[in-house]
Amino acid sequence: MTAPENKKPLNNLLILIGIAAVLGVVPLVTQEAYFLHICILALLFGALASSWNLINGYAGIFTFGHQAFFGLGAYGSALMSMKLGLSPWVTMWIAGVMSAALGCLISLPVLRIRSIPHIAIVTLAFAEIVRIVCSNLTEFTRGELGLWGIPPFTSFSLPLIGPVTFDAAHKVAYFYVVVLLWLLIVGITYWILRNRFGFGLRAIRDSQIAAESLGLNLTRYKTMVFALSSMLAGVLGAFYAHYVLILTPSSALGIDIMIQIVAMTLIGGIGRLLGPTIGAFILTFGLEWLRGFGEYRMLIYGVLLVAIVMFLPKGLASMRFGALRRRKSTPSP
Amino acid sequence: MFSMPLPLFAEQIINGIVLGSMYALVASGLTLIWGTMRMLNFAHGEFYMLGGYFFFLLISSLGLPPALAVPLAISLVFLIGLAVQRLAVHPLLGRPQWEFSTLVATLGVSIFLQNAALHIWGERFKTVPYFINGTIDIVGMRLSYQRLLILAVAVVAMLAMWYLLRRTRFGMALRATAMDRDAAMLYGVNVYRVFTITFGIAAALAGLAATMLASINSISPWMGAPLMLKGFVVVVLGGLGSFPGAIVGGIIIGIVETLGVITWSSQWREVISFTVLILILWFRPWGLFGVKES
């Protein structure tokens, strides 16, 4: 229970507000579409990795199927807005609730297991089922051909600011939406860490047996964190769908997404409030900078993963590699 | 499926056993690594993939006969396995959070090898011819020689493994390490050498499965991942760390898949085995042969 983020709660809050303020003025400085696109991706993945961090960094449950919730949110929101004609602003949240339901479902077998490898296997298998089902149901999703014709977010008008339009050329509006989503997720994490629920989660991470003996309802805590984390991932998936406007099972549900999340979180620092975001910015901008090596992207990811756990297990947000305290390993779950 | 004539049904069961014996080879490597090092090897599918490519290159570029290409290919995979263990796994063992960090490190190795293969050998699928052509008719069942040969090789490999584990000094050291690492160390077993060699053997078993399946499935940089996931299903079904569990689990999954594919369709093959996996973890997380602890 000595996670460093509790020592200076005010500092963290100030940093958060500072970052949000800096992000808020970015479009006033530059509106260059390409730069904003990279920022949007970095924030999207930073937020996604932060939602994964809730289960992994704080509750200490290593899941490997987060892409399922992201993809379900993306496909769910896209299909609802296309087939039912609902506004993406509405379907986005319905998709989030759907993802939360799926998260509760997968938490059921996970609740019974404590071994790290078993949980990794069961969540990965689950995500693969979702991906295969999605690519086989071609009459709905068009499979690997790709689902296109997804409506962008509906434009609206704000007092003082005027009309806010969402189209491919004007990324400013999308940028502000993703900043708000990122702020929502990091804010929720920050808030959770400071209340009873967050202390419970970290108690579970440090020792499930101790937490249980102190009267913590493990089932309730775990199910709740699964539901919350997968809901947030689903909402982000929906944003992704209405931003890129084309989805394929491998782009929205592929294991590559999970690998990126793991790499970003580990680089930034797992179990740290801003770790995943820092990692996301480093990897997204770093790989853009290495654009000449574009085709070696995944090769670099592979080497990076080995190098991080080998030489920088604590991540760049440094301090503590708080998650997954070493437990006496047992061969059974 | 139920309206199927009996010989055809029996034929499918045998095909399932043949497929399952290859799953068993892949899974027994995973289970050996788990049993000794207590870690999950996410790069296992890539050993399988490399086995396929080495075999293809030895056959097509050097023109070697399969009888020579198979042992050479699996020796190469064995050496790669040793190198991966030394470079990416060994330094992490015993460090804090090694259960998690070895998993991430082998995942990194897997991504690296997969993309290296993509850059070196390209996206095009490679194929190798059958070792032997022709089929044999036994009591109304039509079985190809190729599949029977695969089954024979699997049986020989399993017997060799059994001999290695039960009748050699190395096998004794390996079992001692699996039982109690510290006690084995006290008795003079060089457990780190055991770890490295076990990793190599596990890689070689995956490579062997690839050489056998190369003529049935094609060779590509992505061929490893589905097999590794199947291996996970099998080891969870059989119980992680149990060698007999890996064999029985492999054969069960092979049969279930083969029958499932006739009943539904081949695009649902993976869904069937992953569903089996989740159900097992739900109701019997320690598997068929694993020991329930705490």
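Residues numbered from 1 in each chain as written. Chains lettered and ligands numbered in written order. Predicted model: local features only at pLDDT ≥ 70, side-chain atom pairs only at ≥ 80, totals over all residues. Heavy atoms only, no water.

With respect to helix α5 (residues 116–136) of chain A
Under the 1.5 Å per step criterion, the end-to-end length of α5(A) is 30 Å for 21 residues, consistent within 8% with the ideal 30 Å. Extensive coverage of α5(A) is indicated by the burial of 19 of its 21 residues. (Helix = DSSP H or I, 4+ residues; strand = E, 2+ residues; numbered from the N terminus. Expected span 1.5 Å × (residues − 1). Buried < 20%, exposed > 50% of the residue type's maximum accessible area, 1.4 Å probe, protein only.)

Description of the pattern of salt bridges
Per the stated rule, a full pass over the model turns up six salt bridges over all chains. Note that A:Arg205 is salt-bridged to A:Asp206, the shortest N-O span being 3.4 Å. Given the relative accessible area of 4%, A:Arg205 is considered buried. Close ionic contact of B:Glu270 with B:Lys230 constitutes a salt bridge, the shortest N to O distance being 2.8 Å. Placement of B:Glu270 in helix α11 (residues 269–283) and of B:Lys230 in helix α9 (residues 224–238) is noted, with a sequence separation of 40 residues between them. We note that B:Glu270, like B:Lys230, is buried. Several salt bridges share partner residues, and in doing so they unite B:Lys230, B:Glu257, B:Arg269 and B:Glu270 into one network. (Salt bridge = Lys/Arg side-chain N within 4 Å of Asp/Glu carboxyl O.)

Some thoughts on the UniProt feature "transmembrane region" (unreviewed entry) in chain B
Residues and elements named next belong to chain B. In this numbering, the UniProt entry assigns the feature "transmembrane region" (unreviewed entry) to residues 12–35, 47–64, 70–88, 100–121, 148–165, 186–212, 232–259 and 271–289. Taken end to end, residues 70–88 is 100% helix and 0% strand, and its two terminal C-alpha atoms sit 26 Å from one another. End C-alpha to end C-alpha, residues 271–289 measures 24 Å, and it is 68% helix and 0% strand. (UniProt positions renumbered as here; feature names shortened; annotations may be inferred.)

Focus: the interface of chain A and chain B
Counting residues at the interface gives 45 residues for chain A, matched by 47 residues for chain B. Between chain A and chain B the total buried area reaches about 4,400 Å² when both faces are included, carbon and sulfur atoms providing 76% of it. Linking chain A with chain B are zero salt bridges. Taken together, the elements giving at least two residues each to the side of chain A that touches chain B come down to α4 (88–111), α5, α12 (255–268) and α14 (297–311) of chain A. (Contact = heavy atoms within 4.5 Å. Buried area = accessible area lost by both parts, 1.4 Å probe.)

Details of the side chain of A:Thr91
Residues and elements named next belong to chain A. Tracing the backbone shows Thr91 in helix α4. Classification of Thr91 as buried rests on a relative accessible area of 0%. In terms of polar contacts, Thr91 uses its side chain to reach the backbone carbonyl oxygen of Pro88, at 3.3 Å. Setting aside anything within four residues of it in sequence, one finds Thr91 in contact with Ser77, Met80, Ser81, Leu86 and His242. (Polar contact = N/O pair within 3.5 Å; in protein donor to acceptor, adjacent residues only side chain to side chain.)

Here we look at the pairing of strand β2 (residues 141–144) of chain B
Note: strand β1 (residues 135–138) of chain B against β2(B), four bridges, orientation antiparallel. Of the residues in β2(B), the one forming a bridge with B:Asp137 is B:Arg142. (Pairing = 2+ DSSP bridges.)

Some points on the side chain of A:Thr189
Residues and elements named next belong to chain A. Its place among the elements puts Thr189 in helix α7 (residues 172–194). The buried category is assigned to Thr189, whose relative accessible area is 3%. Among the polar contacts listed, one links the side chain of Thr189 to the backbone oxygen of Ile185, at a separation of 2.7 Å. Non-local contacts of Thr189, meaning those with residues more than four positions away in its chain, are made with Leu54, Tyr58 and Leu273.

Section: α14(A)
Counted at 1.5 Å a residue, the expected span for α14(A) with its 15 residues is 21 Å, and the 21 Å between its end C-alpha atoms agrees. Regarding α14(A), the residues found buried are A:Met298, A:Leu299, A:Tyr301, A:Gly302, A:Leu305, A:Val306, A:Ile308, A:Val309 and A:Met310.

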